[in-house]
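What follows is the residue order along each chain.
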Amino acid sequence: MDLKNTTVASLRKMLDSKEIGAAELAKEFIGEIKDKDSKVLSYITVTEENALSAAEKAQAVIDGGKATALTGIPLAIKDNICTDGVKTTCSSKMLEDFVPPYNATVIEKLNAENYVMLGKTSMDEFAMGGSNQTSAFAKTKNPYNTECVPGGSSGGSAAAVSAGLCAAALGSDTGGSIRQPASFCGVTGLKPTYGRVSRYGLVAFASSLDQIGPIARTAEDCGIILNAVAGVDAHDATSKNVPFTDFNGKIGESLKGMKIALPKEFYSDAVDEEVKNAVMAAAKEYEKMGAELVDCSISSLKYAVPAYYLIASAEAASNLSRYDGIKYGLRGEGRSFEEMIRDSRSRGFGEEVKRRILLGNYALSSGYYDAYYRKALALKQEIIKEYNDVFEKADVILTPTAPSVAYKIGAQDNDPVKMYTADICTVTVNIASLPAINTTCGYDKNGMPIGMSIVGKRFDEATLIQTADAFEKTFSPVRCTL
Amino acid sequence: MARLYPTIGLEIHAELLTKSKVFCTCSAEFGGDPNSRCCPVCSGLPGTLPILNHTAVEYIVKAGYTMNCEISRFTKWDRKNYFYPDLPKAYQISQMPRPVCLNGHVDIKTSEGDKRIRINRIHLEEDAGKLVHDDYSKATLADYNRCGIPLIEIVTEPDFHSAEEVMAFIEKIRLLLKYAEVCDCKMEQGSLRCDVNISLAEKDAEKLGTRAEIKNLNSVKAVGRAIEYEIYRQTEILEAGGEVVQETRRFSDSTGETSTLRSKEDAHDYRYFPDPDIPPIIFTEEELEAIRESLPEMAEDRKNRYMNDYGFKEIDADTLIADKDICDFFENALKVYNNPKTVLNFMLGEFMRRINLGEMSMDNLEVTPEQVANLVKYGDTDKINKNNYKNIFKEMLETGKTPEAICDENDYWVKEDNDLLEKVIGEIIANNPGPVEQYRAGEQKVFGFFMGQANKALKGQATPNAIREMLEKKLKG
């Protein structure tokens, strides 16, 4: 079976027509993981036994004619989404042995559909990073070239989808953590509108920016998964009650008359020529379909990265304070509780996490709050306003997902500022609470995937899926050869 | 040196009486086995999120109205960040710039007259857990049952200048919160806690002196003692030319003294910022009006009603309302037998006497308002002799039996038996020729002696009126 090209939609048909059994399908993927994951290191935990028993249960549901969209579909879950009874490490030594006693809301929803969890995927530690190299356990590699990073922080999920080690996956996106690894690994990733998917059970990085979303091989597959996990949740006060019927409902509708905005700041010299060219070629493709390209400007983009790193780090510093060694997680030593907490945190957190905790606490300190955090919140309002203005005259925005294709492992290790700057194309979307989807629009001279992002109005995921799907239907993806 | 004058401000923490905690659905009841009333949310597990309990919001609004506060139309929550083992998230969800209640006042009575104390703010936050230090194993254990119990913090302006004023204020706050039914105000259980900020300076000095904050005050009395001690301590320092150190001190009930808990240098930078997990609340006028209207009758209103409608004396009305549980008992008794004055007399007499003697407590009461109402009714209607209240009530408390059963068993019911009365009184007169002579010679006060004798002999089986009539008849000869 060609697992790398198998979509969720096609697997649904195969399962329903009994062309393949759910257990057989799960075994195929488990076998593939055993064969290949040692090269990619996308999984931290493979839940083989759970997967097989879930598959049997799913088969009974299918046999009973009660199958829903994800019944029996093997998915991978990012390791910062809590799974009852299954280790959830956030790729951190701090939570190396942490087994949650409860399920995230998205997991409850997937369980209700009788999905099959294959395992938990690696990530940058506590979702902080864009390379998966800050993981304390599995430093995931890019399936297109294992000397390159897969992107991050949902690099494990993106690499697993790309390498055919799951049908699709859940990731989380705080500043690009779904879209950028999807771009680097040549797959499709959707970051929903803030509030569309419950965050309950997602280990918090930056609460006002975090959002769970799907990574899959097609926009349509992303829509299928979003249909299952979206919705207001009584456990998450920031989830929004915005009704939806089917995020794939607009697939196939003509793009004629659609206005696609190209903000000039996203096509600056900071972005590689090859990337810009591929995205512009895609824009021309949309023009051919009847869409209209609109010039526009988001001038606050130059402040986006600093504003993002202040807000995200401030929230992270507070969110990560609970890892003190007292209740769960790594416990250090000391003669007083202060010493014990200090030792736990010194040993449990990696360098990047420590850097951001320091940055965040600094920004919130008395005397600095107004100079940093308050200014960042003001910039957030400015960015929201600029996006609102663009959406007055356009339906969607088209940008590169990252300034470059996947880079060599180690290339940015010693320059955090350079690594942060690479988030320029993705962070404003989180700051403005908007939905965005990445899909592959080309490959560079070395065959590495190039991704483009389509950004939409709040809660207009259906239009993003329609737009991405329209391009995907004209595009022949080149899967990795792993 | 001119006389030093104390200036005092208070921070009062009151646990709200909601059924569940403020950010999860765990029980908010006091006690329980350690860590039996916790869930992933209140024990701070990764990935969990707080959901604001709207009853707690309603309760703080009620508290605000009883203290004449402005209610913020827009209110939000902030994180107060600090590490401590009893705080599982390492931040407390509290309110900084936008508390629910602002700018209130409470009037108190002192020996120098009425006084208005200004309330700076009241905000809603979550309580922390408890640490238990086990000397035997040298271990410190954490109990998170209290984590997430809704807490309001009432911050006053520095308007107090004596221990007396502070104590009167706390008693007043207790009345307000109890009558609003938002807090049970048990200082010994920690559901009402008070921190005192106190400084000394010359009267009318431009600047207040350096203040000390005193914690660990478990009763109103302790608050008073701690303030008196601090005034003494700070006076000694200042008069000797020294300087008061800004610090947090703890009061010891056993020594009556305060000692350093932590110095200003150890003070935390709490790095407050808006909690991104909890959307702000915007109240509509209708919502606030509905909450205001749902406030129960307050102590002051009850007092006025008792004086105006029932004709109670102010001192009696004050005594009755001082303890809401007793006052509620009274109200419920009236529902069964609506004679406010005689029920009041019983409550102020036999009922309160037993409480003051420690023979009964409102927390685990054996008698019901209905039983007390019936007892008083029997006395009022001459079914029993009121002299038997004491015996009957004592037995009610001891046995939990109804007054009817006790009267049956002891034959306390008044008999409509004139022959018996005549016979007993005839015997008393016959056996006491001396006092009879005295009475007939015009010494009216010996009548009381005969009443006493008759009551004793009749064991309450006749009413005082019947006894009096018969005595008067017989004594006249």
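Residues numbered from 1 in each chain as written. Chains lettered and ligands numbered in written order. Predicted model: local features only at pLDDT ≥ 70, side-chain atom pairs only at ≥ 80, totals over all residues. Heavy atoms only, no water.

Student: How should I be thinking about the overall build of chain B in this particular structure?
Tutor: Within chain B one finds 15 helices and 16 strands. In terms of overall dimensions, chain B is more spread out than a globule: its C-alpha atoms have a radius of gyration of 29 Å, far above the 23 Å expected for 477 residues. Expressed along its principal axes, the backbone C-alpha trace of chain B runs to roughly 90 × 60 × 55 Å. Here chain B holds 477 residues, and 50% of them are scored as buried. Charge-centre separation for chain B: the mean point of 62 positive side chains lies 2 Å from the mean point of 82 negative side chains. (Helix = DSSP H or I, 4+ residues; strand = E, 2+ residues; numbered from the N terminus. Rg over C-alpha atoms; globule rule 2.2 N^0.38 Å. Buried < 20%, exposed > 50% of the residue type's maximum accessible area, 1.4 Å probe, protein only. Lys, Arg positive; Asp, Glu negative; His and termini not counted. Charge placed at Lys NZ, Arg CZ, Asp CG, Glu CD.)

Student: What's the story with the domain arrangement of chain B in this structure? I'm lost.
Tutor: How big an interface is tends to be stated in terms of accessible area lost as the parts join. All names here are of chain B. Each assigned domain of chain B is listed with its residue range as follows: domain 1 (4–282), domain 2 (299–399) and domain 3 (418–475). A separation of 31 Å is found between the C-alpha centroids of domain 2 and domain 3. Both faces combined, the contact of domain 2 with domain 3 buries some 400 Å², and carbon together with sulfur accounts for 40% of it. Linking domain 2 with domain 3 are zero salt bridges. The interface formed by domain 2 and domain 3 holds one residue pair in polar contact (both at pLDDT 80 or more) in total. Of the residues in the side of domain 2 that touches domain 3, the class split is no nonpolar, three polar and one charged. (Domains from an automatic or database assignment. Buried area = accessible area lost by both parts, 1.4 Å probe. Salt bridge = Lys/Arg side-chain N within 4 Å of Asp/Glu carboxyl O. Polar contact = N/O pair within 3.5 Å; in protein donor to acceptor, adjacent residues only side chain to side chain. Nonpolar A, V, L, I, M, F, W, Y, C, P; charged D, E, K, R; others polar.)

Student: Is there a simple way to think about the sheet that holds strand S1 (residues 43–46) of chain A in this case?
Tutor: In a beta sheet, neighbouring strands pair by backbone hydrogen bonds and run either parallel or antiparallel. Residues and elements named next belong to chain A. Strand order in the open sheet made by the 11 strands is S1-S3-S2-S4-S6-S5-S10-S11-S9-S7-S8, with mixed pairing throughout. At either end of the open sheet lies a strand with only one pairing partner, and these are S1 and strand S8 (292–296). Put simply, the sheet's adjacent strands are angled 30 degrees from each other on average, direction ignored. Across five bridges, the pairing between strand S2 (residues 74–78) and strand S3 (residues 116–121) is parallel. Directly across from Ala 76, in S3, lies its bridge partner Gly 119. (Pairing = 2+ DSSP bridges. Axes fitted to C-alpha atoms, helices over the stretch in contact; angles between N-to-C directions.)

Student: Teacher, can you tell me more about the state of the cysteines here?
Tutor: The bond known as a disulfide is covalent and runs between the sulfur atoms of two cysteines. Residues and elements named next belong to chain A. Under the definition given, this model contains zero disulfides over all chains. Considering cysteine sulfurs only, Cys 90 is the nearest to Cys 82, which forms no disulfide, with 7.2 Å between them. Accessibility expressed as a relative area gives 0% for Cys 82, which makes it buried. There is no disulfide at Cys 296, and the cysteine sulfur nearest it, in Cys 425, is 14 Å away. (Disulfide = S-S within 2.5 Å.)

Student: Help me understand the pairing of strand S7 (residues 259–263) of chain A in this model?
Tutor: Residue and element names in this part refer to chain A. Burial analysis of S7 places four of its five residues in the buried class, which makes it a mostly covered element. Direction of pairing for S7 relative to S8: parallel, over a ladder of five bridges. Paired with Pro 263 across the strands is Cys 296, a residue of S8. In this region the chain leaves S7, passes through helix H8 (residues 273–288) and returns to the parallel neighbour S8; the handedness of that crossover is right-handed. Pairing between S7 and strand S9 (residues 396–400): two bridges, direction parallel. From the neighbouring strand, Ala 261 faces S9, where its bridge partner is Ile 397. (Right-handed = clockwise from strand over helix to strand, strands pointing away.)

Student: What is the right way to read a nonpolar patch on the surface from this model?
Tutor: On the surface, a nonpolar cluster with roughly 280 Å² of combined accessible area is contributed by Tyr 362, Tyr 368 and Tyr 372 of chain A. Its place among the elements puts Tyr 362 of chain A in helix H11 (residues 351–364). (Patch = residues over 30% accessible without salt bridge, like charges linked within 9 Å, V, L, I, M, F, W, Y side chains within 5 Å. Areas by Shrake-Rupley, 256 points an atom, 1.4 Å probe, with all protein chains shown as cover.)

Student: What's the story with the sheet that holds strand S1 (residues 4–15) of chain B in this structure? I'm lost.
Tutor: Residue and element names in this part refer to chain B. Read across the sheet, nine strands follow the order S2-S6-S7-S10-S1-S11-S12-S13-S14 without closing on themselves; strand pairing throughout is mixed. In this open sheet, the two strands that pair with only one neighbour each are strand S2 (70–71) and strand S14 (258–263). Pairing of strand S12 (residues 212–215) with strand S13 (residues 247–251) involves four bridges; the strand directions are parallel. For Glu 213, the partnering residue across the bridge sits in S13 and is Thr 248. Contacting S1, strand S6 (101–110), strand S7 (113–126), strand S10 (150–156) and strand S11 (192–202), helix H2 (residues 163–179) runs over the sheet at an angle of about 115 degrees to S6. (Contact = heavy atoms within 4.5 Å.)

Student: Can you walk me through empty space enclosed by the protein in this structure?
Tutor: If you roll a probe as big as a water molecule over the atoms, it shows you where there is empty space left. One pass over the structure, following the stated rule, counts three cavities of 30 Å³ or more. One number sums up the size of the largest cavity: a volume of about 140 Å³. Taken together, 19 residues form the lining of the largest cavity, with Phe 23, Val 41, Cys 42, Lys 89 and Glu 126 of chain B sitting closest to its centre. Class assignment of the residues belonging to the lining of the largest cavity gives a composition of 12 nonpolar, two polar and five charged. By volume, the second largest cavity amounts to about 110 Å³. Gly 129, Gly 152, Gly 175, Ser 177 and Asp 423 of chain A are the residues nearest the centre of the second largest cavity, which is lined by 14 residues in total. Considering only residue class, the lining of the second largest cavity consists of four nonpolar, eight polar and two charged. (1 Å grid on protein atoms, 1.4 Å probe; cavity = no way out; pocket = protein on both sides within 12 Å on 5 of 7 lines; lining within 4 Å. Points joined across faces, edges and corners; volume = space filled by probe spheres on them.)

Student: Can you help me understand the nonpolar core in this one?
Tutor: Side chains of a nonpolar character, in soluble globular proteins, are inclined to be buried together. Residues and elements named next belong to chain A. Phe 126, Tyr 387 and Leu 398 are the most contacted members of the largest nonpolar core, which totals 164 residues. Sorting elements by how many residues they give to this core places helix H9 (residues 301–319) first, with 11 residues. Discounting chain neighbours no more than four positions away, the residues touching Tyr 387 are Phe 266, Ile 298, Ile 397, Thr 428, Val 429, Ala 432, Leu 434 and Val 455. (Core = buried A, V, L, I, M, F, W, Y, C linked by side-chain atoms within 4.5 Å.)

Student: Quick question: what am I supposed to make of the layout of surface pockets here?
Tutor: Residue and element names in this part refer to chain B. Considered as a void within the structure, the second largest pocket measures approximately 1,000 Å³ in volume. Taken together, 32 residues make up the lining of the second largest pocket; nearest its centre are Glu 171, Arg 174, Leu 175, Ala 322 and Asp 323. At six residues, H2 tops the list of elements feeding residues into the lining of the second largest pocket. Of the residues in the lining of the second largest pocket, the class split is 13 nonpolar, one polar and 18 charged. For the lining of the second largest pocket, the domains that each give at least three residues are domain 1 (4–282) and domain 2 (299–399).

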